[in-house]
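# A closer look at the structure
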Amino acid sequence: MASLPISIRGISKRYGVFTALDGVDLEIASGEFITLLGPSGSGKTTLLMVLAGFIRPDGGSVRFGDRDVSLTPPHQRDVGMVFQNYALFPHMTVAGNVAYPLKLRGIPKAETVRRVEAALELVQLGGLGERRVDQLSGGQRQRVALARAIVFEPRILLMDEPLSALDKKLREQMQIEVRHLHQRLGMTTVYVTHDQREALTMSDRIAVIDGGRFRQIGLPRDIYERPRSRFIAEFIGESQFLPVELRDGRAWLGARALLVDGTPTTGGGPHLLVVRPEKLAVLGAGEGEGLNVFDGTVTEVVYQGESSLIYVTLQTGGEIAVRRPARSADATIAEVGRPIRLGLAPGDAVIVPAQAGR
Amino acid sequence: MTEATIGTAASLHAEGDANAGAYRATARREQRWLGALAWPGLVLIGIVALAPIGWLSWMSFLDTDGFTLEHYRRLLDDNYMQTLKTTFEISFLVTAISVLLGYPLAYLIAEVRPRLGAFLLLLVLFPVWTSLLVRCYAWLVILQRRGVVNTWLQDAGLIEAPLRLMHNFTGTTIGMLHIMLPFMVLPLYASMRSIDRDYLRAAANLGASPVRAFWQVFVPLSLPGLFAGIVIVFVLCLGFYVTPALLGGGRVYMWSMQIERNVTYHADWGAASALGVVLLALTLAILWAIGRVIGFDRIVGSK
């Protein structure tokens, strides 16, 4: 299946005093799976609706390939879309829903039947064409919505939090299926979600959006491992912060210079060391060569099944948590009141500016 | 397992049974209470509706000489058949026009901003809150030979002689339409409001122009409201009396007027009862037939 690049230039949209989109630019490569990730009210859905043509922006332009679609009405944009609530037509059967875009395009009946069956087969719903929509489970509706969005072979697919109504197990299974479907069909896909794990699982690239602006755009691994701001570090994964000072090209935690090669330490002023619980190692006495070492006392242990969170009050002040896989051999490490030594590799030490500014 | 634990388990089991009985008793008591709340209404319906209908049917088979089918045989006379035909013609016409007028109106009310929609709905409902009789007389004033409509049209030079707008089929239709329109608009509006706008977005996204999306998605989804409106208006029309009597000027004879004539002029309660029974039977038959075709829950609008 062919795909098209998308070029978003300076799109802005205001509702009264509320700025939904503040002049955003984004280049999406042909065949890319990009996720717009952000909290509610961040503007991610607004941007998707602009791409679909349902919301008319105040300014800016959208191009699909060579074609400027800024003023094209939705029914002429030829993009597939999966709605958050699926929006399957209740007065049509499953097959009727999937056939609808083909009917609108004047595809001959025999070919329509063949393509509908193929699309349903693709989402593993072969043979359910005659069912009524209200006879389907949530997961099946999701698949029908997907089949309907791809049956007319659009070169761009938009998805608006399509998995948010499913329970956790099914959601994780569908994430993989949607990913595989994208790999097979190869259309450019713009996926909206507020679920950071979903974004990390599925995307080629993630664009984190907040307050109507992109805060960081990058590969999932970079977004997680190299957050550029406190907002990104807090929004994606669990993060804790220790105040540091940048001076003489080094980062100082109190009087101690940190070993950092995660992020550049040039510049100055108050900064924060981002510490993720799973990046910390629990060290034995005397260990810690080549690591940033934190000594402290265990103050609380929270058992979470596959792992435990151990809260540690540091000798230098402040509290951080370390995540340990739950293994029986480690039981004695985590006893409240015990001294504990933690290590953070230089490669995992990330420094971000301290101001809340995103 | 020791005896002690077995004993404990057994007693626990017995306790569980005891509670189960108490739960069932509580559930039954709650149901009785709920049922009791409905009793006043049920009794009232029994006294003022069901009993008179039973009495009515009984009387329709009675003559001064006792049991007779004469009242029903007489309904086959041309006179009555003509009335039946008129009644159905008017009802069909009024229902059809109220669909044509009501659908766009309901659509407008459902589509505009909520506050404006509420205001428009108020305007639609306003006539329902004014007296039926007042409205009919108002139409007499408007439609008569020297009424507002004729005067304007003549002054504008559009017509020479005044149009006959009342004391005929036209006047009756106009008057009934005015009264029936709210009963068409309300269920339509309710059903249109409940249509998720994402369906229309989905249709547009899949390639449907606004016109096609309207006909292929919006209209089918609004059908429950449309059916409800049609049934309500048609059934109300069948038994309508005041408006045809006033605006029809004695020239348009509806079934209900035959009932009235039999009672007031001929004091023939048997014949009047037979007419009433037939009207009731026809109404129920229509409801049943529509219910069979599209499902009664759709008329009521639950689905």
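Scroll up a little and you will see the structure.
Residues numbered from 1 in each chain as written. Chains lettered and ligands numbered in written order. Predicted model: local features only at pLDDT ≥ 70, side-chain atom pairs only at ≥ 80, totals over all residues. Heavy atoms only, no water.

## Details of the overall build of chain A
Cut-off, in case you're wondering: Under the DSSP-based scheme used, a helix requires at least four consecutive residues in state H or I and a strand at least two consecutive residues in state E, with every element numbered from the N terminus. For this analysis, residues touch if any pair of their heavy atoms sits within 4.5 Å. Just so you know, the count uses Lys and Arg for positive and Asp and Glu for negative, and it drops His and the chain ends. Where a charge lies is defined by one atom per residue type: Lys uses NZ, Arg uses CZ, Asp uses CG and Glu uses CD.
When helices and strands are tallied, chain A shows eight helices and 20 strands. The dimensions of chain A, computed from C-alpha atoms along their principal axes, are 75 × 50 × 35 Å. Sequence separation of at least 24 residues holds for 67% of the intrachain contacts in chain A that already meet a minimum separation of 6. Of note, chain A has its 43 positive side-chain charges centred 5 Å away from the centre of its 40 negative side-chain charges.

## Notes on a nonpolar patch on the surface
All names here are of chain B. Where we set the bar: Any residue with relative accessible area above 30% and no salt bridge may belong to a patch, with like charges joined within 9 Å and the nonpolar Val, Leu, Ile, Met, Phe, Trp and Tyr side chains within 5 Å. To measure how exposed things are, a 1.4 Å probe is used in the Shrake-Rupley method; for residues, cover is taken only from the protein chains shown. Only one rule defines a salt bridge in this text: a Lys or Arg side-chain nitrogen within 4 Å of an Asp or Glu carboxyl oxygen.
The grouping of Leu116, Phe119, Leu122, Leu123, Phe126, Val128, Trp129, Phe183, Ile232 and Leu236 at the surface amounts to a nonpolar patch, some 910 Å² of accessible area in total. Where the nonpolar patch is concerned, the elements lending two or more residues are helix H4 (114–125) and helix H9 (210–238). With respect to the element layout, Val128 can be found in the loop between H4 and helix H5 (132–143).

## As for the interface of chain B and chain A
Basically, it comes down to this: Here the buried area means the combined drop in accessible surface, using a 1.4 Å probe, for two parts upon being joined, counting both sides. Here a polar contact means two N or O atoms within 3.5 Å. Within protein one must be a hydrogen donor candidate and the other an acceptor candidate, and residues neighboring in sequence count only if both atoms are side-chain atoms. Nonpolar residues are Ala, Val, Leu, Ile, Met, Phe, Trp, Tyr, Cys and Pro. Charged residues are Asp, Glu, Lys and Arg, and all others, Gly as well, are polar.
If you look at the interface, chain B gives 19 residues, while chain A gives 24 residues. Counting each side, the surface lost to burial between chain B and chain A is near 1,900 Å², with a carbon and sulfur contribution of 62%. Of all residues in chain B, the largest losses of buried area upon contact with chain A belong to Arg201, Asn205 and Leu206 of chain B, amounting jointly to 38% of the total for that side. If you look at where chain B meets chain A, you find zero salt bridges. Between the two partners, chain B and chain A, sit seven residue pairs in polar contact (both at pLDDT 80 or more). Elements represented by at least two residues in the side of chain B that touches chain A include exactly helix H8 (197–205) and H9 of chain B. Its residues placed into classes, the side of chain B that touches chain A shows ten nonpolar, four polar and five charged.

## Some points on H8 of chain B
Going by this rule: Classification of residues uses two cut-offs on accessible area relative to the type maximum, computed with a 1.4 Å probe and protein chains only: under 20% is buried, over 50% is exposed, and between them is partly exposed.
Buried within H8 of chain B are the following residues: Asp198, Tyr199, Ala202, Ala203, Ala204 and Asn205 of chain B. Residues of H8 of chain B that are buried make contact with strand S6 (80–82), helix H2 (94–104) and helix H4 (138–150) of chain A together with H9 of chain B. By the N-cap criterion, in which a side-chain oxygen at the helix start approaches the backbone nitrogen of a residue two or three places on, H8 of chain B is capped by Asp196 of chain B, the distance to Asp198 of chain B being 2.9 Å. A positive backbone phi angle near 115° is found at Gly207 of chain B, which sits one or two residues after H8 of chain B.

## Points about the side chain of Thr86 of chain B
Residue and element names in this part refer to chain B. Structurally, Thr86 can be placed in helix H3 (residues 78–111). By relative accessible area, which is 10% here, Thr86 ends up buried. When neighbours within four sequence positions are excluded, Thr86 is seen to be in contact with Phe169, Val252 and Tyr253.

## Describing H3 of chain B
For clarity, the cut-off: Each residue after the first adds 1.5 Å to the expected span of a helix. Each residue is assigned a bend, namely the angle between axes fitted to the seven residues that terminate at it and the seven residues that start at it.
Counted at 1.5 Å a residue, the expected span for H3 of chain B with its 34 residues is 50 Å, and the 49 Å between its end C-alpha atoms agrees. Of all the bends in H3 of chain B, the largest measures some 30° and sits at Gly102 of chain B, one to four residues before the proline Pro104 of chain B.

## Quick look at the sheet that holds strand S9 (residues 205–210) of chain A
All names here are of chain A. Cut-off, in case you're wondering: Pairing between two strands is assigned when DSSP locates at least 2 bridges connecting them. Between N-to-C directions, angles span 0 to 180 degrees; the directions come from axes that are lines fitted to C-alpha atoms, helices contributing only their stretch in contact.
Pairing is mixed in the open sheet, where six strands are placed in the order S6-S7-S8-S3-S9-S10. Whereas interior strands pair on both sides, the edge strands pair on one side only; in this sheet they are S6 and strand S10 (213–218). Each adjacent strand pair in this sheet contributes to an overall mean axis angle of 15°, direction not counted. Relative to S9, strand S3 (residues 33–37) runs parallel, the two sharing four bridges. The partner of Leu37 across the bridge, within S9, is Val208.

## Considerations on the sheet that holds strand S12 (residues 250–253) of chain A
Residues and elements named next belong to chain A. Pairing within the open sheet is antiparallel, and its five strands lie in the order S13-S12-S11-S14-S20. One side of each edge strand has no neighbouring strand; the edge strands of this open sheet are strand S13 (256–257) and strand S20 (350–353). Where strand S11 (residues 240–247) lies against strand S14 (residues 269–275), seven bridges are found, and the strand directions are antiparallel. Within S14, the residue paired with Leu242 across the bridge is Leu273.

## Some points on the pairing of S11 of chain A
All names here are of chain A. Across three bridges, S11 lies against S12 in antiparallel orientation. Looking at S12, one finds that Glu245 is bridged to Trp252. Counted along the chain from S11 to the antiparallel partner S12, the turn is two residues long, and its residue Asp248 has a positive phi close to 55°.

## Examining the pattern of salt bridges
Tallied over the full model, the rule gives 22 salt bridges over all chains. When the shortest N-O distance is used, the salt bridge between Arg105 of chain A and Asp78 of chain A registers 2.7 Å. A residue pair is termed long-range when its members are at least 10 positions apart, and Arg105 of chain A in the loop between H2 and helix H3 (109–122) and Asp78 of chain A in the loop between strand S5 (67–68) and S6 qualify at 27 residues. Residue classification places Arg105 of chain A among the partly exposed residues on the basis of a relative accessible area of 29%. The partly exposed category is assigned to Asp78 of chain A, whose relative accessible area is 38%. One salt bridge in this structure joins Arg73 of chain B and Glu70 of chain B, with 3.2 Å as the shortest N-O distance. Highlighted residues: Arg73 of chain B and Glu70 of chain B, both in helix H2 (residues 70–74), separated by three residues, approximately one helical turn. For Glu70 of chain B, a relative accessible area of 31% corresponds to the partly exposed category. Taken together, the salt bridges that share partners define one network made up of Glu111, Arg114 and Arg115 of chain A.

## Focus: the packing of H2 of chain A against H3 of chain A
All names here are of chain A. Put simply, the rule reads: Reported orientations rely on four angle classes, namely roughly parallel under 35 degrees, roughly antiparallel over 145, roughly perpendicular from 65 to 115, and oblique for the rest. Should the near helix be turned counterclockwise from the far one by less than a right angle, the crossing is left-handed, whereas a clockwise turn marks it as right-handed.
Contact pair H2 / H3: the axes reach a minimum separation of 9 Å and the direction vectors enclose 120°. In this view, H2 runs oblique relative to H3, as classed from their interaxial angle. Crossing handedness for the pair H2 and H3: right-handed. Touching Val94, Ala95, Val98, Ala99 and Leu102 of H2 are Thr112, Arg115, Val116, Ala119 and Leu120, all from H3. Taken together, the residues that form the contact of H2 with H3 break down as eight nonpolar, one polar and one charged.

## Some points on unusual backbone geometry
Outside of glycine, negative phi angles account for most residues, and trans bonds account for most peptide bonds. All names here are of chain A. Even without being glycine, Tyr86 reaches a positive phi, approximately 75°. Looking at the secondary structure, you find Tyr86 in the loop between S6 and H2. For Gln124, which is not glycine, the phi dihedral falls at a positive 60°. Here Gln124 lies in the loop between H3 and H4. We classify Gln124 as exposed; its relative accessible area is 55%.

## Here we look at the environment of Gly254 of chain A
Residue and element names in this part refer to chain A. Structurally, the position occupied by Gly254 is in the loop between S12 and S13. Accessibility expressed as a relative area gives 59% for Gly254, which makes it exposed. Taking the C-alpha atoms as reference points, Gly254 and Asp167, separated by 87 residues in sequence, lie 46 Å from one another.

## Describing the packing of aromatic side chains
Basically, it comes down to this: To pair, rings of Phe, Tyr and Trp, with the six-membered ring standing in for Trp, must have centres within 6.5 Å; the planes then decide the type, stacked if under 30 degrees apart, edge-to-face if over 60, and tilted in the middle.
For the coordinates displayed, the defined rule picks out 17 aromatic pairs over all chains. For the ring pair Phe54 of chain A and Phe83 of chain A, a centre distance of 6.2 Å and an interplane angle of 40° mean the geometry is tilted. Within this pair, whereas Phe54 of chain A is found in the loop between helix H1 (44–52) and strand S4 (59–64), its partner Phe83 of chain A is found in the loop between S6 and H2, the two being separated by 29 residues in sequence. With centroids separated by 5.9 Å and ring planes inclined at 10°, the aromatic side chains of Phe61 of chain B and Phe67 of chain B adopt a geometry described as stacked. Overall, Phe67 of chain B belongs to the exposed group, its relative accessible area being 64%.

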